[in-house]
There are 2 protein chains.
Amino acid sequence: MITIVLLGTGNLAKHLFEAFSATDGAQVVQVVGRNMDSLSRFSKMSAISNDFSAIADVDVYIIAVNDDAIGEVSGYLLNKKGVVVHASGAAGMDSIKVKNRGVFYPLQTFTEGKTLDFTSIPICIEAEQYESKQLLKRLAETISDNVQEIDSNQRKKLHLAAVFVNNFTNYLYGVGEEICWEEGLSFDLLKPLILETAEKIQFLRPKEAQTGPAKRGDKHSMQQHLNLLRDKKQIELYTLISEAIQQAYEKKL
Amino acid sequence: MITIVLLGTGNLAKHLFEAFSATDGAQVVQVVGRNMDSLSRFSKMSAISNDFSAIADVDVYIIAVNDDAIGEVSGYLLNKKGVVVHASGAAGMDSIKVKNRGVFYPLQTFTEGKTLDFTSIPICIEAEQYESKQLLKRLAETISDNVQEIDSNQRKKLHLAAVFVNNFTNYLYGVGEEICWEEGLSFDLLKPLILETAEKIQFLRPKEAQTGPAKRGDKHSMQQHLNLLRDKKQIELYTLISEAIQQAYEKKL
């Protein structure tokens, strides 16, 4: 049984807590955070504390706080023997001020109140010490079948790629919603398409799955679309992405 | 039993054929196309013909060809009594040169070889004549629980919205793949995230689901991301979409 202290009470902390609660191989023995209200929701299944000088002795300390606060929180763990990790995609491992340090980054978007199955979620681990890496690997395997050793440089690029496929994609969903609403149409109409677009690249490469006027070089349809747009940013976006798609497919010819 | 002739042998024609084959309320009695090789795959379950002057008499003629060819194909149906529809998002109803005309547009992306459940796919119908609209509605309901009356102007906007959430989103998936490959990482790492991003907006509005550095106004993280990008188009895209997200959330404050 691998013992854990979770530092942080936000969305990611809650999802990790839920995932570990459902396994036999690991246990969160304490949750530490500043805010007693946020802590209270963990109290049924774990000890809680808002005193950073009274942190339990465990195998793994997971810091699940904003990137800016990782260094400060790690400062409370200088005398601990266990491995100290953060759970961030963008922060370097060196933002932790402890020698026995590492990273435990689940590559997923976590929504308040929506329980996720961690089995397929990639957990990217990194550690300064070999033994700690082995421990983190075993810990990750208690909740996921998809554990990857990823160094800090790779992880930063992965996080950047995640911004494109998650944050930016979600923004495009919002543009779709706006265009629907302008015509009094429900955004629900686009939902099956959005789901299928994501499902098809589970087995098809994005380049193989690409369709649409820009891919076909259909200038007439693109001009018609531009004529329908009123919002300046939407016009810029349409133009830039269509150009990028056209370039990508011209290169191939 | 509503009888159908399908004109066209492409991807959309195949998916419609499959969907109607699985219902009792409608039947494709003939598939008409130029190419005998493409037609042959329909021959086990329907009559086929490459002679556009020998088209059967049925209730509904579905033209499932490229937008440019809709007018020409409809010209072979001038003397038919049934309703003539096309299945395109972008073409106006008036591209059909027959009086009893309409549109039967399934709003989805169709992949060669991947059978889709039509039940939840929105089918957007439109017709010049009231009785024909009722017939198209009944036809659509044989394969889908999501039948919508949408006029040509609305449909064109819907098609434009679909370009944003499908074509452009898929392009962003491709950027994610490229960034992974630059670091020797598998694109598979992003697949659970891509799926969850699409799944969460099935019940959450895109604006509620938005996360990331641009949403937070985190200029430090955005600059770090820009420093990691080498490709000029990717830099432009990152900048433009981040600006758009920032503007959208500043407006709200």
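In short, a report on the structure.

About the criteria used
Residues numbered from 1 in each chain as written. Chains lettered and ligands numbered in written order. Predicted model: local features only at pLDDT ≥ 70, side-chain atom pairs only at ≥ 80, totals over all residues. Heavy atoms only, no water. Helix = DSSP H or I, 4+ residues; strand = E, 2+ residues; numbered from the N terminus. Buried < 20%, exposed > 50% of the residue type's maximum accessible area, 1.4 Å probe, protein only. Contact = heavy atoms within 4.5 Å. Areas by Shrake-Rupley, 256 points an atom, 1.4 Å probe, with all protein chains shown as cover. Salt bridge = Lys/Arg side-chain N within 4 Å of Asp/Glu carboxyl O. Pairing = 2+ DSSP bridges. Right-handed = clockwise from strand over helix to strand, strands pointing away.

## So, the overall build of chain A
The helix and strand tally for chain A stands at 10 helices and eight strands. Each of the three principal axes of chain A carries a C-alpha extent, and together these read 65 × 40 × 30 Å. In chain A, which comprises 253 residues, the share counted as buried stands at 59%. Put simply, of all contacts in chain A between residues at least 6 apart along the chain, 54% involve residues at least 24 apart. Element-wise, carbon and sulfur atoms account for 47% of the exposed surface of chain A, whose accessible area totals about 10,900 Å².

## What to know about the pattern of salt bridges
Residue and element names in this part refer to chain B. According to the stated counting rule, one finds 33 salt bridges over all chains in the structure shown. Between Lys-14 and Glu-112 there is a salt bridge, with the nearest N and O atoms lying 2.9 Å from each other. Taken together, the residues span a long stretch of sequence, with Lys-14 in helix 1 (residues 11–21) and Glu-112 in the loop between strand 6 (101–106) and strand 7 (123–127) at a distance of 98 residues. Relative accessible area serves as the criterion here: at 16%, Lys-14 is assigned to the buried category.

## Things to note about the pairing of strand 2 (residues 26–32) of chain A
Residues in a regular strand point their side chains to alternate faces of the sheet. All names here are of chain A. When you tally the buried positions in strand 2, you get five out of seven residues, the bulk of the element. With six bridges joining them, strand 1 (residues 2–7) and strand 2 adopt parallel strand pairing. Within strand 2, the position partnered with Thr-3 by the bridge is Gln-27. The parallel pair strand 1 and strand 2 is bridged by helix 1 (residues 11–21), and the resulting crossover is right-handed. Of the strand pairs in this sheet, strand 2 and strand 3 (residues 47–49) are connected by three bridges, and their pairing is parallel. What sits directly across from Val-32, in strand 3, is Ser-49.

## Things to note about the environment of B:Lys191
Looking at the secondary structure, you find B:Lys191 in helix 6 (residues 191–200). Expressed as a C-alpha distance, the spacing of B:Lys191 and B:Glu177, which sit 14 residues apart in the sequence, is 10.0 Å. Sequence-distant contacts of B:Lys191, defined by excluding residues within four places in its chain, comprise A:Ile201 and A:Gln202.

Nothing here speaks to function; it is geometry throughout.
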